[in-house]
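# Analysis of the macromolecular model
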Amino acid sequence: MYKNLAFQTPANASGWKRWLIYSALARLILFALLFVAAAFLTGMALHLLGWSPSSGNPNIKGWAQLIIRALPAVIAYLILTRVIERRWPAELAWRKLPAHFIGGVLLGMALLSVVIGILWLAGSYRVLGTNAQVPWLESILMFGLGAGISEEIMFRGALFRIVEESLGTWLAVLISALAFGAIHLGNPNATLWSGLAIAIEAGVLFGLVYHVTRSLWLCMGLHAAWNVMEGPVFGTPVSGLPPHGWLQAELTGPNWLSGGTFGPEASLITPLCCLALAGVFLFIALRRNSIVPPFWKRRPG
């Protein structure tokens, strides 16, 4: 049953192992502890190398930001899957990398372009000029790959997947989406609405994308392309962070339309577009009958 799940508790596991090692809560806590330890060691290593995430050299800063963001999540996840769950993580299979990552990038580029296009048609997005001094490498490494790899491993690979294996798909979508929105409440210019909007547009969409594809590569590509298109290309704030884009642009009009100082992610247009795409993936999931019920509703077998 439920062959789409990456991990199920071994049938011969003892009672204490079921609760202290294999339960959803135990694995999430173990992942969090592993992540903190890996982040500390990675920070120490970068310090010894003289690579600072706040370096004045944009190239060093970009690589350091990528490493400090992505490497701890990768290490923690590989230990979780290989040592605790004792499996090869098919969601990170190398054979899936080229097609799935590129597919995610193209999907992210198209989706953000649709959002900006609608804002432009509504008179809320206006290009003022171009900026040839965009730090492309730093932006792609930090906002694209750094955020895409780390956040997708944490929120889809760990949180969504593990909660789904226990509480089912619907609660996994809800919990991971709310958590994803909540971590963005600490961003500059964030509001309760911007956090909720991110929970809807990214949390729900990315959760369903992972549920259907079982591929973290596709989620990473989608996430990375979204961030790069939003900031370095279209020149709008990325989750409240100041824009440094190739296009120098401004967002005008009411905040519910433009997103205000937080950027397009806080525009009503964005969650509506993302929900439309999420509906496509939900349709696929329902057609496949892949929705996982919570453990108390599952049939044995």
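Going by the structure above, here's the rest.
This is a predicted model, so every value here is computed, not measured.

Let us now look at the pattern of salt bridges. All chains considered together, the criterion is met by 11 salt bridges. Glutamate 85 is the partner of arginine 87 in a salt bridge, and the nearest nitrogen-oxygen pair spans 2.8 Å. Judged by relative accessible area, which is 5%, glutamate 85 ranks as buried. Put simply, glutamate 165 and arginine 161 hold a salt bridge, and the shortest N to O gap is 2.9 Å. Here arginine 161 and glutamate 165 lie together in helix α5 (residues 136-167), a separation of 4 residues that amounts to about one turn. By relative accessible area, arginine 161 is classed as buried at 0%.

Below, the discussion takes up the packing of α5 against helix α6 (residues 169-183). Running from amino to carboxyl end, α5 crosses α6 at an angle of 150°, the nearest separation of the two axes being 8 Å. Comparing their axes, α6 and α5 come out roughly antiparallel. α6 is crossed by α5, and the crossing has right-handed handedness. For the pair α5 and α6, contact is made by Glu151, Phe155, Arg156, Leu159, Phe160, Val163, Glu164 and Leu167 and by Thr169, Leu171, Ala172, Val173, Ile175, Ser176, Ala179, Phe180 and Ile183, respectively. For the contact of α5 with α6, a count of residues per class yields 12 nonpolar, 2 polar and 3 charged.

Mapped onto the fold, serine 166 is located in helix α5. Every residue in contact with serine 166, bar those within four places of it in the chain, is listed here: Ala24, Pro294, Phe295 and Arg298.

Tracing the backbone through its elements, the reader meets proline 53 in the loop between α2 (24-49) and α3 (58-84). Put simply, proline 53 and isoleucine 68 are 15 residues apart on the chain and 7.7 Å apart in space, counted from C-alpha to C-alpha. Non-local contacts of proline 53, meaning those with residues more than four positions away in its chain, are made with Lys61, Ala64, Gln65 and Ile68.

On to the packing of aromatic side chains, then. The geometry of an aromatic ring pair is captured by the separation of the ring centres together with the interplanar angle, meaning the angle of the planes. Going through the model one piece at a time under the given rule, you end up with 8 aromatic pairs. Seen in terms of ring centroids, phenylalanine 7 and tyrosine 22 are 5.7 Å apart; in terms of plane orientation they differ by 40°. Their pairing is tilted. Here phenylalanine 7 is found in the segment before α1 (15-20), whereas its partner tyrosine 22 is found in the loop between α1 and α2, with 15 residues between them in sequence. Phenylalanine 7 gets classed as buried once you look at its relative accessible area, which sits at 7%. Judged by relative accessible area, which is 10%, tyrosine 22 ranks as buried. When the ring of phenylalanine 31 is compared with that of tyrosine 77, the centres are 6.4 Å apart and the planes differ by 80°; the resulting orientation is edge-to-face.

Okay, the nonpolar core next. In terms of nonpolar packing, the biggest core is built from 56 residues, with Leu205 and Phe234 touching the most fellow members. Element by element, the count of residues in this core is highest for helix α8 (residues 216-233), at 10 residues. Look past the residues within four positions of leucine 205 in its chain and what remains in contact with it is Leu111, Ile200, Leu222, Cys274, Leu277, Ala278 and Phe281.

Another point: α8. Along its 18 residues, α8 runs 24 Å from first to last C-alpha, staying within 8% of the 26 Å computed at 1.5 Å per residue. Among the 18 residues of α8, 18 are classified as buried, and the element is accordingly described as predominantly covered. Backbone nitrogen of tryptophan 217 and a side-chain oxygen of the N-cap are separated by 3.4 Å at the start of α8; the cap is serine 215. Positioned one or two residues after α8, glycine 235 has a phi angle of 70°, which is positive.

Moving on, we come to the environment of alanine 199. Of note, alanine 199 is situated in helix α7 (residues 192-213). Ignoring any residue separated from it by four or fewer positions in sequence, one finds alanine 199 in contact with Ala177, Leu178, Gly181 and Val204.

Our focus in this paragraph is the side chain of serine 194. In this structure, serine 194 sits in helix α7. Judged by relative accessible area, serine 194 falls into the buried class, the value being 1%. Excluding its chain neighbours within four sequence positions, the residues that come into contact with serine 194 are Phe262 and Ala266.

Throughout the structure, instances matching the rule amount to 0 disulfides. Take cysteine 273: it sits in no disulfide, and the sulfur closest to it among the cysteines is that of cysteine 274, at 6.8 Å.

Cut-offs and rules
Residues numbered from 1 in each chain as written. Predicted model: local features only at pLDDT ≥ 70, side-chain atom pairs only at ≥ 80, totals over all residues. Heavy atoms only, no water. Salt bridge = Lys/Arg side-chain N within 4 Å of Asp/Glu carboxyl O. Buried < 20%, exposed > 50% of the residue type's maximum accessible area, 1.4 Å probe, protein only. Helix = DSSP H or I, 4+ residues; strand = E, 2+ residues; numbered from the N terminus. Axes fitted to C-alpha atoms, helices over the stretch in contact; angles between N-to-C directions. Parallel < 35°, antiparallel > 145°, perpendicular 65-115°, else oblique. Left-handed = near helix turned anticlockwise from the far one by under 90°. Contact = heavy atoms within 4.5 Å. Nonpolar A, V, L, I, M, F, W, Y, C, P; charged D, E, K, R; others polar. Phe/Tyr/Trp six-rings, centres within 6.5 Å; stacked < 30°, edge-to-face > 60°. Core = buried A, V, L, I, M, F, W, Y, C linked by side-chain atoms within 4.5 Å. Expected span 1.5 Å × (residues − 1). Polar contact = N/O pair within 3.5 Å; in protein donor to acceptor, adjacent residues only side chain to side chain. Disulfide = S-S within 2.5 Å.

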